4 protein chains.
Amino acid sequence: MLKVLVWNEFRHEKEMENVREIYPEGIHKAIADFLSCEDIQVKTADLSKEECGLTKEALEQTDVLIWWGHAYHHEVPDEIAARVRDAVLEGMGAIFLHSAHHSKPFKLLMGTSCNLSWREDGDKERIWICKPSHPIVQGVGRYLELPHEETYAEPFDIPEPDQTIMIGSYEGSEVFRSGCCFYRGNGKIFYFQPGHETFPTFYEPAVQTIIRNAVYWAAPTYRRKLECPHIEKIQENSI
Amino acid sequence: MLKVLVWNEFRHEKEMENVREIYPEGIHKAIADFLSCEDIQVKTADLSKEECGLTKEALEQTDVLIWWGHAYHHEVPDEIAARVRDAVLEGMGAIFLHSAHHSKPFKLLMGTSCNLSWREDGDKERIWICKPSHPIVQGVGRYLELPHEETYAEPFDIPEPDQTIMIGSYEGSEVFRSGCCFYRGNGKIFYFQPGHETFPTFYEPAVQTIIRNAVYWAAPTYRRKLECPHIEKIQENSI
Amino acid sequence: MLKVLVWNEFRHEKEMENVREIYPEGIHKAIADFLSCEDIQVKTADLSKEECGLTKEALEQTDVLIWWGHAYHHEVPDEIAARVRDAVLEGMGAIFLHSAHHSKPFKLLMGTSCNLSWREDGDKERIWICKPSHPIVQGVGRYLELPHEETYAEPFDIPEPDQTIMIGSYEGSEVFRSGCCFYRGNGKIFYFQPGHETFPTFYEPAVQTIIRNAVYWAAPTYRRKLECPHIEKIQENSI
Amino acid sequence: MLKVLVWNEFRHEKEMENVREIYPEGIHKAIADFLSCEDIQVKTADLSKEECGLTKEALEQTDVLIWWGHAYHHEVPDEIAARVRDAVLEGMGAIFLHSAHHSKPFKLLMGTSCNLSWREDGDKERIWICKPSHPIVQGVGRYLELPHEETYAEPFDIPEPDQTIMIGSYEGSEVFRSGCCFYRGNGKIFYFQPGHETFPTFYEPAVQTIIRNAVYWAAPTYRRKLECPHIEKIQENSI
């Protein structure tokens, strides 16, 4: 049984009528709904909770953390962002969705600005599969299509991904590395670009398939802090 | 003074009126023309020459080899393809243009099929810069635009590039990793997607800028065969 | 049930008394013995078989190919080496052991000379784990120790590995990237340095653990030739 | 003229007799001395200076920053560490020496713990060259030897380097990725392991050669903040 924690700012849904109509109980709830199954137990947390719902205990009991955030990244305290980073380095999987490219934990893990170019014209997007054998894109076909998405465009200031598995394009011809895998410490990280709050992206079957696949891919097989131990010289006769 | 050898199949230009009109003296000549300058000495070679013009001596005197080929890859003898690969591994730079993705030397260096999806509808292409600080894309801006190009689309079966510096998109929304850098042995390799024979791509200033930049980037600072030497155990008192 | 094919030159064991004493039925048989279990079905093949035992059918029925070769690489016909490469690109896993760094299929897949420095003084080797969370090194500890091994030393002329998971050192202080993972096409490749024919390396429990782990790691979840299809432009109204 | 800023904690030299004997004016001064030449202008800074000598202006006038720190990483304020990181992302080169693996700017740029195993027995170290054609190792030979160094051992918790160019080994057989290159944002980063304060490592000619080479390698050709701009859809008739 995989334990997933879906974290969401959960502000736009409360403040903006057009977002609430799409996600009346929040983006986290929509994600939890399609993920929950016999094999996956899903919990949720958001900014309004104490310690953002990201206590040490909550993270220890999480195999894969899914993160959606947009306009309130700065309200996540630095120490909680560092705690999330440390949990990933110990082995917890992490999936960062859409504007979580600017979330504190993602930026800490990448070490770069994670800046990109953007516009909000509701373009149709096609996301093309570059690595058809990667476990995250199984069941998707050559591409997935989203009737409307916010446009995210290169240059995307990230380290060269360990694997670039999807590239999106928009009506305006912009391109973006929409699906990227990173290994950091003992953890696996997946960045996935779709998911603007004003479009029903998380109801798209192909998006759901990819996020579900990514949960299995990111699940830890090993979880331990990489320490900085003082070691002893191996004595030859100890062999 | 950098020594560049531009290799071209030089068949379409002879056999097809519409190609000859664009490149009356051959694609290699068009490339040689814009590259030649005080700092760069350019020679050319093609399939019709003895040993394809790729003798051991010719390669030894080449700093950077530029390769255009399309329909007659199979006419390059295996041993000459292997000789080119070996020269790259020793340190010669190599730039593979457009359909040279299926040339024997490129496939040998990649180790993969280098297959891709394609269609020939003369779409407009925009090639977006992912790494604005990379020396190859200096002077280009956010993107370059080609009024008509053959469409090359993902999945492109190459090893994960050491650096992905450009991604192209087409009117049909397809995407392609149009500018990729690889380090192999002591050599540097740049694959650049534009350059279909029926379009005047090599007269585009931005394409010329990129190829010229790539010549400087790929130039060897070191050229030596990586051998497989038997070594002696270092004696402690030899230190 | 994973299907493994262990390929061995199987010459040293016939020609050299000191090798035969260690591996009386061949290195392939020693590997098959420790791998065989309820989950893994093992077959073997060698140079003496028709088509080296590497027929199209044999490869199609293989999930993971393990390769040991040393002095007779050249006796494997080029077309069979290319067939093995193609099977890997389609998704078959491949584990190359010790002197298989110079086998034709490995060199074809890497695209480089795969040269290295070497000496044969029977040094003790310690192989240190760089990525303790990688599935291939589970159950091994900080390092494994081999009382005697042939020394393989840097520079090792390979493309930058997708993951460097082990580095070996020898009594003479040389170092070598002893465990390297590569993704090529749809296939996974693991190179593992130990296994000189005159030492009983394949009876070492830690070596067996690593090879067994690597079989599971390299097993394909997907197997399909990456073609080079002509595609049609997606019509907007087809969406 | 390249502008280098050498930053040093400059505490051990003041507090410990045995360090002061080796570096009477500080490690930074020893590095400045061998780097200074017609092509390279060197300045120094340390913890005792206002803002650690790392004001915005100082960084803007620096092409390559060299960093040595050990026991007082925590005294560098977070905002200054972030300022250094940002300067690197904009294009400033950075060379982190020895125990700077735990400096705040290096950890911020890597995103990982940068932990490693260590012991302080004054072992002899040999550092082996893995990429003999890399500009940083020109003039060094097969390896460099240090009579005494602190032992740094794998696992080293860093992202997979863009290029692993040196691996060190010690009398105790431990190994370490001693020379690693990373590209982050518009900047180039080199981590180099030697340089413990109680040994005269920075007087070794080969160490000096490598650091000098690294200055040239890391020098920016481009320096600009990668922003996160709102963009406009390209109008077709604007082409």
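Just so it is clear, the model here is predicted, and its values are computed rather than measured.

Q: Sorry if this is basic, but what is going on with the relation of the copies chain A and chain D here?
A: One copy of the chain maps onto the other through a rotation about an axis plus a displacement along that axis. Here chain A sits on chain D after a turn of 180° about the axis and a move of 0.0 Å along it, with an RMSD of 0.0 Å. On this basis, the relationship between the two copies can be described by a two-fold rotation axis. Minimal C-alpha separation from the rotation axis in chain A is found for A:Gly111, amounting to 2.5 Å. Most of the interface of chain A is mirrored in chain D: 100% of its interface residues are interface residues there too.

Q: I tried to follow helix 5 (residues 78-90) of chain D on my own but got confused; where do I start?
A: Three or four residues apart is the spacing at which side chains of an α-helix point the same way, because the helix has 3.6 residues per turn. Residue and element names in this part refer to chain D. Between the first and last C-alpha of helix 5 there are 18 Å, a value that for 13 residues agrees with the 18 Å anticipated at 1.5 Å per step. Turning to helix 5, its buried residues are Ile80, Ala81, Ala82, Val84, Ala87, Val88 and Leu89. Contacts from the buried residues of helix 5 go to helix 4 (56-60), strand 3 (64-68), strand 4 (93-97), helix 6 (104-110), strand 8 (175-184) and strand 9 (187-192). Glycine 91 sits one or two residues past helix 5 and shows a positive phi near 140°.

Q: Looking at this model, I keep getting lost on the relation of the copies chain B and chain D. Mind explaining?
A: Once turned by 180° and shifted 0.0 Å along the axis, chain B lies on chain D with an RMSD of 0.0 Å. Most of the interface of chain B is mirrored in chain D: 100% of its interface residues are interface residues there too.

Q: I keep staring at the interface of chain B and chain D and nothing clicks. Help me out?
A: A common way to state how big an interface is: give the accessible area lost once the parts meet. The interface is formed by 20 residues belonging to chain B together with 20 residues belonging to chain D. Across the interface of chain B and chain D, roughly 1700 Å² is buried in total on both sides, 50% from carbon and sulfur atoms. Applying the counting rule to chain B against chain D returns 0 salt bridges. Looking at the side of chain B that touches chain D, the elements with two or more residues in it are strand 5 (117-129) and strand 6 (143-153) of chain B. The element that contributes the greatest number of residues to the side of chain B that touches chain D is strand 5 of chain B, accounting for 3 residues.

Q: Could you clarify how one ought to interpret the sheet that holds strand 3 of chain D in this entry?
A: Strand pairing in a sheet relies on backbone hydrogen bonds. The paired strands run either parallel or antiparallel. All names here are of chain D. Across the sheet, which stays open at both edges, the 9 strands sit in the order 2-1-3-4-9-8-7-5-6 with mixed pairing between neighbours. The sheet is open, and its two borders are formed by strand 2 (40-46) and strand 6 (143-153), each paired with just one other strand. Direction aside, neighbouring strands of the sheet carry axes that sit 25° apart on average. Where helix 3 (residues 27-35) meets the sheet, its contacts fall on strand 1 (2-8), strand 2, strand 3 and strand 4, and the angle it forms with strand 2 comes to roughly 175°.

What counts and how
- Residues numbered from 1 in each chain as written.
- Chains lettered and ligands numbered in written order.
- Predicted model: local features only at pLDDT ≥ 70, side-chain atom pairs only at ≥ 80, totals over all residues.
- Heavy atoms only, no water.
- Least-squares fit on C-alpha atoms with pLDDT ≥ 70 in both.
- Contact = heavy atoms within 4.5 Å.
- Helix = DSSP H or I, 4+ residues; strand = E, 2+ residues; numbered from the N terminus.
- Expected span 1.5 Å × (residues − 1).
- Buried < 20%, exposed > 50% of the residue type's maximum accessible area, 1.4 Å probe, protein only.
- Buried area = accessible area lost by both parts, 1.4 Å probe.
- Salt bridge = Lys/Arg side-chain N within 4 Å of Asp/Glu carboxyl O.
- Pairing = 2+ DSSP bridges.
- Axes fitted to C-alpha atoms, helices over the stretch in contact; angles between N-to-C directions.

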